[in-house]
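What follows is each chain in one-letter form.
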Amino acid sequence: MKPTSTSSSIHPNVIETRIDPTSARFEKNMRAMAELVTRIRNEEDELTQGGGSKAIEAQHAKKRLTARERIALLLDPGTELFELGIYAANGMYEEWGGAPSAGVITGLAKIHARTFMIIANDATVKAGAFFPMTAKKVIRAQNIALDNHIPTIYLVDSAGVFLPLQEDVFPDTDDFGRVFRNNAVMSAKGIPQIAAIMGMCVAGGGYLPVMCDHVLMTDGSGLFLAGPALVQAAIGQKVSAEELGGAEMHSAISGTVDYHEPTDEACITRIRSLVEKMGARQRAPFDRIDTEEPVYAAEELYGIYESDPAKPYDMKEVIARIVDGSRWDEYRPEYGKTLVCGFARIGGYAVGIVANQPSHQQQTDEQGHKRLEFGRVIYTESAEKAARFIMDCNQNLVPLIFLHDVNGFMVGRDAEWSGIIKAGAKMVSAVSNSVVPKIAVILGGSFGAGHYAMCGKAYDPRFLFAWPTARYAVMSGDSAAGTLVEIKIRQLERGGKKLSDEERKQLCESVKETYDRQTDPRYGAARLWIDAIIDPLDTRDAIIAALAAASLNPDVPKFSVGVLQT
């Protein structure tokens with residue numbers, strides 16, 4: 001661990017740290033976070049096994065590599081896949097034996113030092129069939145590629161739609177058909193796409209590779225709208241899979257594939273060779289200089305963060321361990337203190353940071369009255385400051401980073417009289433109409449309208465990451481449990497039943513347990529509300545990877561906020 005500095009004498013805008021890494025509280029937090037991160041890593045390791053050892057052996061018996069083996073060969077030596085959506089479908093489809101990672105692997109990769117989006121069917125999971133969440137995961141990866149102009153490589157090995165659930169896979173705007181629509185739109189936008197058929201590619205799924213710029217196919221693979229059995233049933237024609245849609249036929253007769261490769265290994269080599277020859281496109285106009293490591297050790301993030309909502313911590317201590325040189329230019333530091341805003345660099349990229357302040361703050365109102373403002377709450381002054389700062393970032397082409405630990409907006413008479421709804425609407429409007437890349441990281445709670453104002457999923461963040469400590473819902477578990485229990489008690493009392501104290505307690509615990517499970521970041525990640533659950537130590541690297549991806553898109557529309565309530 002790097003030594004902790006206790007002063008800002010190194011540079012005038014180095015964030016000053018006041019933590020004591022030897023305190024019992026710090027050490028307790030360190031242990032708790034380490035245990036939580038270890039639990040997440042162990043679960044992710046299990047998810048990387050896909051359909052399990054027998055399914056992996058079956059894939060090898062066909063002389064095919066698994067999806068993860070293919071990706072490992074494709075990546076530049078010494079680099080790793082920055083995986084997105086590994087928890088997709090976690091805990092879902094149990095009646096069908098589950099679908100680990102939704103049966104598809106997605107993430108950012110370096111190939112010949114260039115950033116690519118990888119989308120690879122995992123044939124060890126139900127032969128790579130598309131469950132509802134499989135389609136949504138592929139579409140999310142494509143949308144990331146579209147928003148950031150990321151070249152995309154598809155490693156295709158799929159049996160097509162999982163028929164028992166076809167009604168949830170086939171018809172809607174975020175279902176299977178959207179994948180091919182995105183293929184066409186990406187191509188029209190000049191975003192390179194390479195598809196390699198390395199197994200089965202049947203029915204409507206056959207359109208995906210053929211709508212890409214380059215199509216490769218390996219021996220033993222199949223590409224057809226209907227397989228031999230369906231062809232015989234439909235038109236009475238008997239034909240082998242190879243004759244109907246094998247690599248040799250498609251390369252020599254139909255002319256559908258561009259490159260016919262004997263093995264998975266040869267196919268991967270060909271893809272890398274094609275990538276090597278791609279020209280470079282114009283990059284985004286965001287400012288970047290040489291990177292600089294933070295002054296303070298990232299490992300201290302474990303001890304700084306307080307998972308107990310009743311215990312405050314200073315968000316600036318977190319920022320100091322993420323930004324270059326631990327330096328930033330704080331915006332309006334004496335005003336609206338429950339939101340901290342400022343300019344910094346991360347990985348050399350200029351960024352604007354909007355972060356909730358979990359520690360309580362003294363604020364003076366326009367009449368000179370002092371009051372204590374609760375941490376993790378957005379007040380009128382905070383919202384107005386953040387709205388103005390977000391507009392500044394858009395005006396000056398500075399990407400935005402949002403760090404969440406928010407309970408919501410302040411309520412009550414004083415808040416309403418101060419115009420909290422009006423100020424919140426300004427902030428939401430500024431976030432909604434931002435044209436620069438937005439990247440969100442949920443550290444702790446992200447509740448209610450506070451989640452929206454801090455660029456929640458509905459507000460088009462280019463990437464949304466979460467720490468294992470994140471909590472994600474319309475309100476916290478305790479608040480929700482109290483509300484839901486009161487509603488339930490009134491319903492029962494109207495029916496003539498009066499609950500004992502013990503029954504009330506059991507009902508409260510049951511409701512809270514259900515609600516807490518739904519606020520767990522793994523629940524959100526399973527449904528793709530979160531792109532990745534990250535180790536706090538990897539926060540800086542994750543943001544840098546996201547900024548590097550965002551910098552591939554040179555198009556920044558004109559910024560306009562529309563009507564603001566003043």
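Please read these numbers as outputs of a predicted model, since none were measured by experiment. (Residues numbered from 1 in each chain as written. Predicted model: local features only at pLDDT ≥ 70, side-chain atom pairs only at ≥ 80, totals over all residues. Heavy atoms only, no water.)

### Some details on the overall build of the protein
Condition: Only DSSP runs of H or I covering at least 4 residues are called helices, and only runs of E covering at least 2 are called strands; the numbering of each starts at the N terminus. Radius of gyration: C-alpha atoms only; globule rule: 2.2 Å multiplied by the number of residues to the exponent 0.38. Residue burial is assigned from relative accessible area. The probe radius is 1.4 Å, only protein chains are included, and a residue is buried under 20% of its type maximum, exposed over 50%, and partly exposed in between. Note on definitions: a residue-residue contact is assigned when non-hydrogen atoms from the two residues lie within 4.5 Å. Per-residue and other accessible areas were derived by the Shrake-Rupley procedure at a 1.4 Å probe size, with only the shown protein chains allowed to occlude residues.
Looking only at helices and strands, the protein features 20 helices and 20 strands. At 26 Å, the protein has a C-alpha radius of gyration in line with the 24 Å of a compact globule built from 566 residues. With respect to the principal axes defined by its C-alpha atoms, the protein has extents near 85 × 70 × 50 Å. Residues classed as buried in the protein amount to 53% of the 566 residues present. Considering only residue pairs separated by 6 or more positions, the protein has 74% of its internal contacts joining residues 24 or more positions apart. Here the protein has roughly 25,300 Å² of accessible surface; of this, 52% comes from carbon and sulfur atoms.

### A short note on the nonpolar core
What counts is decided by this rule: Put simply, buried Ala, Val, Leu, Ile, Met, Phe, Trp, Tyr and Cys residues joined by side-chain atoms within 4.5 Å make one nonpolar core.
In terms of nonpolar packing, the biggest core is built from 76 residues, with I319, I353 and F465 touching the most fellow members. With residues near it in sequence (within four places) discarded, I319 still touches I15, W328, V340, I353, A355 and L403. Membership of the second largest hydrophobic core comes to 42 residues, among which are F402, A415, Y472 and I533.

### A look at the packing of aromatic side chains
Put simply, the rule is: Each Phe, Tyr or Trp ring, with Trp reduced to its six-membered ring, pairs with another whose centre is within 6.5 Å; inter-plane angles below 30 degrees give stacked pairs, above 60 give edge-to-face pairs, and intermediate values give tilted ones.
In this structure the tally under the stated criterion is 15 aromatic pairs. With a centroid separation of 5.2 Å and an interplanar angle of 50°, the aromatic rings of Y331 and F389 are classed as tilted. Within this pair, whereas Y331 is found in strand β9 (residues 329-331), its partner F389 is found in helix α13 (residues 380-395), the two being separated by 58 residues in sequence. Classification of Y331 by relative accessible area gives buried; the value is 13%. These aromatic residues form a ring-pair network of at least three members: Y93, W96, F131 and F162.

### Concerning the state of the cysteines
Here, disulfide denotes a covalent bond that connects the sulfur atoms of two cysteines. Put simply, the rule is: Throughout, a disulfide means two cysteine sulfur atoms within 2.5 Å of one another.
Counted according to the given criterion, the structure contains zero disulfides. The cysteine C267 is free of any disulfide, with C201 supplying the nearest cysteine sulfur at 13 Å. Free of any disulfide, C393 has its nearest neighbouring cysteine sulfur in C341, separated by 8.3 Å.

### Remarks on empty space enclosed by the protein
Note the following rule: Definitions used throughout: a 1 Å grid over protein atoms alone; a cavity as a set of points that fits a 1.4 Å probe which cannot get out; a pocket as an open set with protein on both sides within 12 Å along at least five of seven lines; a lining residue as one with an atom within 4 Å of a point. Grid points are joined across faces, edges and corners, and a volume is the space filled by probe spheres set on the points. Gly is placed with the polar residues, together with every amino acid not listed as nonpolar (Ala, Val, Leu, Ile, Met, Phe, Trp, Tyr, Cys and Pro) or charged (Asp, Glu, Lys and Arg).
One pass over the full model with this rule turns up three cavities of 30 Å³ or more. Approximately 130 Å³ is the volume found for the largest cavity. Lining the largest cavity are 17 residues; nearest its centre among them are N121, F130, V156, S158 and L208. For the lining of the largest cavity, the per-class residue count stands at 13 nonpolar, four polar and no charged. In this structure, the second largest cavity encloses a volume near 60 Å³. Lining the second largest cavity are L84, G85, T106, K137, R140, A141, I144, L528, I530 and D531. Sorting elements by how many residues they give to the lining of the second largest cavity places helix α4 (residues 132-148) first, with four residues. Among the residues making up the lining of the second largest cavity, the classes are represented as five nonpolar, two polar and three charged.

### Structural notes on helix α5 (residues 176-188)
Basically, it comes down to this: Relevant arc is that of directions from the helix axis to the C-beta atoms, nothing else.
Taken residue by residue, α5 has F176, V179, F180, N182, N183 and M186 as its buried positions. Seen end-on, α5 carries its buried residues on one side only, within an arc spanning 155°. At the C-terminal side of α5, G190 shows a positive phi close to 80°.

### Considering helix α1 (residues 24-47)
Residues three or four positions apart in an α-helix share a direction because the helix packs 3.6 residues into each turn. Worth spelling out the cut-off: To estimate how far a helix should extend, the number of its residues minus one is multiplied by 1.5 Å.
Compared with the 34 Å implied by 1.5 Å per residue over 24 residues, the 35 Å span of α1 between its first and last C-alpha is a close match. Buried within α1 we find F26, N29, M33, L36, V37, I40, E44 and L47.

### Quick notes on the packing of helix α3 (residues 67-74) against helix α10 (residues 264-276)
Relative placement of two packed helices is described by the angle separating their axes and the distance separating the axes. Our working rule: Axes, fitted as lines to C-alpha atoms, cover a helix only where it is in contact. Angles between the N-to-C directions of the axes lie from 0 to 180 degrees. In this scheme, roughly parallel covers angles under 35 degrees and roughly antiparallel covers those over 145, while 65 to 115 is roughly perpendicular and the rest are oblique. Helix crossings get a hand from a simple test, with the near helix turned counterclockwise from the far one by less than a right angle marking a left-handed crossing and a clockwise turn marking a right-handed one.
It is at 9 Å that the axes of α3 and α10 come closest, and there the two elements cross at 40°. The orientation of α3 with respect to α10, classified from their angle, is oblique. Where α3 crosses over α10, the handedness of that crossing is right-handed. On α10, the residues touching R70, L73 and L74 of α3 are D264, E265, I268, I271 and R272. Considering only residue class, the contact of α3 with α10 consists of four nonpolar, no polar and four charged.

### Details of the packing of α13 against helix α15 (residues 420-432)
It is at 8 Å that the axes of α13 and α15 come closest, and there the two elements cross at 25°. Relative to α15, the element α13 lies roughly parallel. Two packed elements cross with a definite hand, and for α13 against α15 that hand is left-handed. From α13, T380, A383, E384, A386, A387, I390 and M391 reach across to α15, where they touch I420, A423, G424, K426, M427, A430 and V431. For the contact of α13 with α15, a count of residues per class yields 10 nonpolar, two polar and two charged.

### Let's talk about the confidence of the model for the protein
The following threshold applies: pLDDT is defined as a per-residue confidence score from the predictor, taking values between 0 and 100.
Considering every residue of the protein, the mean pLDDT works out to 92; 96% of them sit at 70 or more. In this model residues 1-9 is a low-confidence stretch, pLDDT under 50, and it forms 24 contacts with partners more than four residues away in sequence or in other chains.

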